[in-house]
Structures are given as C-alpha cells and as structure tokens.
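Examining the three-dimensional arrangement
Here is how the chains run, residue by residue.
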Amino acid sequence: MNESTLGADGLRNFLSADARELAPQLLGAVLTHESRDGAVSIRLTEVEAYMGPEDSVHPDPGSHTYRGPTPRNAPMFGPAGHLYVYFTYGMHHCTNIVCGPAGVASALLLRAGEIVDGLELAQRRRPTSKSPADLASGPARLAKALGLTTADSGRDALAPPFGLELPSGASGPVSSGPRVGVAGAGGSDEYAWRFWLTGDPTVSKYKAAQPRARKRMADAPPGATFHKR
C-alpha cells in the first residue's frame, strides 16, 4: 500500500508505532493547517522523538512526560495523530504530533520544514524571516508559520482543518544525532533521537543545552534535567 494515500484510520495506525522508528519515516511528510486566514503546508525536514515517564517501558529524561501526566502534557498520552502544542520562553509555541498507542506517552517534535503551499501567508506570519528557507527552520518558526498555538493542543492533525500526507517514498538520506537544547542525559548520544534530511537548507542548527540555574537543578531527579525545547 502506498502510505501517501492512507486515510485517517490508516494514518492513525501508522502513527501508533514507536516514535523513534516513525521519526525518519515522517521526514518528507506534508502537514497542512487551513485557518481562517488561508492554508499553509509544510514539508517536514527535521523531527525529534520523545518518549515516556521514568516509570514507563521507555523512560525519556528529556521528555515533558518524564515526571508523569499533567494537564499540559495530557495530549502526549492520548491517541496517535493528535497535536501537542506547548508555550515556551514566554514567547514561542512548539508543535508535536502524538505517536504510539493511546495511553503510552510519545510524540514527534516538528523542528523544521519547507513551506510548499501558502508561502505568502507564512511570510506575513513571520515578517522577520530573511529567506523562504528559514521561514520554518526551527520549531517555534514552524509553529508560527502554520499559525498554531496552545489552543490547538489536543486537536486531531488528521482531520480538518488539518491534514497530513506521508511521502510516497524515501525523501533522501537521513542523518541523526542528539536532540537540540536538551540538558542532562536526555541530550546525550544515548538519546540521539533527532532526525533530519541530510543537507536540506531548512534544517535548523544544532545547539547544545545551556546550563540551568542551580536552584532549578536541585529540584530535578538525577539525569532528568529539563529543557524548554
């Protein structure tokens, strides 16, 4: 079966797999959001996989779910194919697509992509962008170009006004490495769950996590220094 022609049920089944295995397969997929202002479609070129709580089968010290479920991260425990959008640094939104079976926390952070439709609208949303290649280069830029906020967290990315089309085949060579901005063990080579299309100009630059203040560090469990992705 050509995965690019899967319906919503087929896509949800596809996304119900392990996020780490799905991540490279989602590169080249096109996510569309049709808002009241118009539609913007982005071809995904960089994603990161995030897994579950410390007491789960696949604990991930870099995940928002590491300390367990909260109202904020609840969508990550929900059905595959839904959005988890969070607000960070008091100014940016970042978008994830939930993966895995319902009740098992995991998601793919959408880190970068190429605008393939709705270029003018994306440019209006990101007037400081210097070129089409950096319109969605980075998770905050991608969310801004798509017009997504925390109001969209929990919504179904496989149903209108959203749409997800998988690539019909391999989108090119794929590279992998440590996740961006993740401190502690979660940012190490042991959790090299960042995947990107090798050489694609829209891929964001790697940045290691910055040391956090000692007061905040003291409250974190060993190996679970958190970041704001």
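Residue numbers restart at each chain and count upward from 1, following the sequence in its written direction. Where local features are concerned, this predicted model is filtered to residues with pLDDT of at least 70; where side-chain atom pairs are given and counted, the filter is 80 or more; whole-chain, interface and lining totals use all residues. Values reported for side chains reflect all heavy atoms of the structure, with hydrogen atoms and water molecules removed beforehand.

**Points about the overall build of the protein chain**
Definition in use: Only DSSP runs of H or I with at least four residues qualify as helices, and only runs of E with at least two residues qualify as strands; both kinds are numbered from the N terminus onward. Summary of the burial criterion: residues with accessible area below 20% of their type's maximum are buried, those above 50% are exposed, and those between are partly exposed, where the area comes from a 1.4 Å probe applied to protein chains only. Computed by Shrake-Rupley with a 1.4 Å probe, the accessible areas treat only the displayed protein chains as cover when residues are assessed.
Helix and strand counts for the protein chain come out as five helices and eight strands. Its helices and strands taken in sequence order, the protein chain reads α-α-β-β-β-β-β-α-α-β-β-β-α from the N to the C terminus. Residues classed as buried in the protein chain amount to 51% of the 229 residues present. Total accessible area on the protein chain stands at roughly 10700 Å², and carbon and sulfur atoms take up 53% of it.

**Points about the nonpolar core**
Rule in force here: The term nonpolar core refers to a set of buried residues drawn from Ala, Val, Leu, Ile, Met, Phe, Trp, Tyr and Cys, joined through side-chain atoms within 4.5 Å. In what follows, residue pairs with any heavy atoms lying within 4.5 Å of each other are defined as contacts.
Grouped together as the largest cluster of nonpolar side chains are 42 residues, with contacts concentrated most on Leu15, Leu26, Ile42, Leu108, Ile115, Leu164 and Leu166. For this core, the leading source of residues is strand 2 (residues 38-50), giving five residues. In this structure isoleucine 115 touches Val40, Ser41, Ile42, Ala122, Leu135, Ala136 and Ala145, once residues within four positions along its chain are discounted. Membership of the second largest hydrophobic core comes to nine residues, among which are Tyr50, Tyr84, Val98 and Leu109.

**Side note on the pattern of salt bridges**
Quick reminder of the rule: Salt bridge, as used here, is a side-chain nitrogen of Lys or Arg placed within 4 Å of a carboxyl oxygen of Asp or Glu.
A full pass over the atoms with the stated rule returns eight salt bridges. The salt bridge involving arginine 43 is made with aspartate 200; its shortest N-O contact spans 3.0 Å. Of this pair, arginine 43 sits in strand 2 while aspartate 200 sits in the loop between strand 8 (194-197) and helix 5 (214-218), and the two are 157 residues apart along the sequence. Aspartate 200 sits in the buried class, given a relative accessible area of 15%. The salt bridge partner of aspartate 152 is arginine 155, with a shortest N-O separation of 2.7 Å. The structure contains a network of salt bridges with shared partners spanning Arg43, Glu114 and Asp200.

**Some thoughts on the packing of aromatic side chains**
Defined as follows: Centres within 6.5 Å make a pair out of two Phe, Tyr or Trp rings, where for Trp the six-membered ring is used; the pair is then stacked when the planes are under 30 degrees apart, edge-to-face when over 60, and tilted otherwise. Over a ring means this: the NZ of a Lys or the CZ of an Arg is within 6 Å of the ring centre and within 35 degrees of the ring normal.
Scanning the model with the defined rule gives two aromatic pairs in all. Ring geometry for tyrosine 191 and tryptophan 193: centres 5.1 Å apart, planes at 75°, overall edge-to-face. As far as burial versus exposure is concerned, tyrosine 191 and tryptophan 193 are alike and both buried. For the cation-ring pair, arginine 194 lies above tryptophan 196, with the distance from its terminal atom to the ring centre recorded as 4.2 Å.

**Some details on unusual backbone geometry**
In most cases, non-glycine residues show a negative phi, while peptide bonds are predominantly trans. The omega torsion of the bond from proline 160 to proline 161 falls at 10°, within 30 degrees of zero and hence cis. Inspection of the secondary structure puts proline 161 in the loop between helix 4 (139-146) and strand 6 (162-165). Not every positive phi belongs to a glycine, and tyrosine 89 is a case in point at roughly 55°. The exposure class assigned to tyrosine 89 is exposed, which follows from its relative accessible area of 54%.

**Quick word on the environment of arginine 194**
The cut-off we apply is this: Whenever a nitrogen or oxygen atom comes within 3.5 Å of another N or O atom, the pair is scored as a polar contact, on the condition that within protein one atom can donate a hydrogen and the other can accept it, and that pairs from neighbouring residues in sequence are kept only if both atoms are in side chains.
You can see arginine 194 is positioned in strand 8. Since its relative accessible area comes to 5%, arginine 194 is described here as buried. Polar contacts involving the side chain of arginine 194 include one to the side chain of glutamate 46, which spans 2.7 Å. Within the structure, arginine 194 has its side chain in polar contact with the backbone oxygen of serine 204 (distance 3.1 Å).

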